[in-house]
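Next come the chains, spelled out residue by residue.
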Amino acid sequence: QVQLVESGGGLVQPGGSLRLSCAASGSIFSIYAMGWYRQAPGKQRELVAGITSGGSTNYADSVKGRFTISRDNAKNTVYLQMNSLKPEDTAVYYCNAIIKDRTSLRTGDYWGQGTQVTVSS
């Protein structure tokens, strides 16, 4: 089985920073794209940032210039550095990864459990 475990959420004041981490573990053959999504109360889940296995990135317009996604392939980990946080960034943030299972050789779409980010004074 494959698991994604997120960490780094919390409460921060407007203008502050947080760094989210998501580590994949288990029966991993290879990891393709990884990304971060978020879901605010009453809203649909949306893509925040994505990164390919080769390091190409894409961002939602609302976070461009403030958030940076990166990955450490040796550690099977993806990060989201969030700067200049705004109250509208408040949401549950979910890690996502496309992973080929080492045992079954099937490629699946995996999600973390989510971590709360609250931006408030």
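(A) Highlighting the nonpolar core. Ranked by internal contacts, the top residues of the largest apolar core, which has 30 residues, are W36, L80, M82 and Y93. Taken together, the elements giving at least two residues each to this core come down to β1 (2-7), β3 (18-26), β4 (28-39), β5 (46-51), β7 (67-72), β8 (77-82), β9 (91-101) and β11 (115-119). With five residues, the top contributor of residues to this core is β9. Among all residues touching M82, those that are not within four sequence positions of it are G16, S17, L18, L20, R66, F67, Y93 and V117.

(B) Fine view of the pattern of salt bridges. Tallying each qualifying case throughout the model produces four salt bridges. Measuring nitrogen to oxygen at the nearest pair gives 3.0 Å for the salt bridge that ties R38 to D89. Taken together, the positions of R38 in strand β4 and D89 in the loop between β8 and β9 put the pair 51 residues apart, joining distant regions of the chain. D89 matches R38 in its accessibility class, with the two residues each being buried. Among the ionic pairs, D61 bridges to K64, the shortest N-O distance being 3.1 Å. Each of the two residues, D61 as well as K64, counts as exposed. Counted as one network, the salt bridges with shared partners bring together R38, E46, R66 and D89.

Basis of the calculations
Residues numbered from 1 in each chain as written. Predicted model: local features only at pLDDT ≥ 70, side-chain atom pairs only at ≥ 80, totals over all residues. Heavy atoms only, no water. Core = buried A, V, L, I, M, F, W, Y, C linked by side-chain atoms within 4.5 Å. Buried < 20%, exposed > 50% of the residue type's maximum accessible area, 1.4 Å probe, protein only. Helix = DSSP H or I, 4+ residues; strand = E, 2+ residues; numbered from the N terminus. Contact = heavy atoms within 4.5 Å. Salt bridge = Lys/Arg side-chain N within 4 Å of Asp/Glu carboxyl O.

The quantities given are spatial measurements derived from coordinates; they are silent on function.
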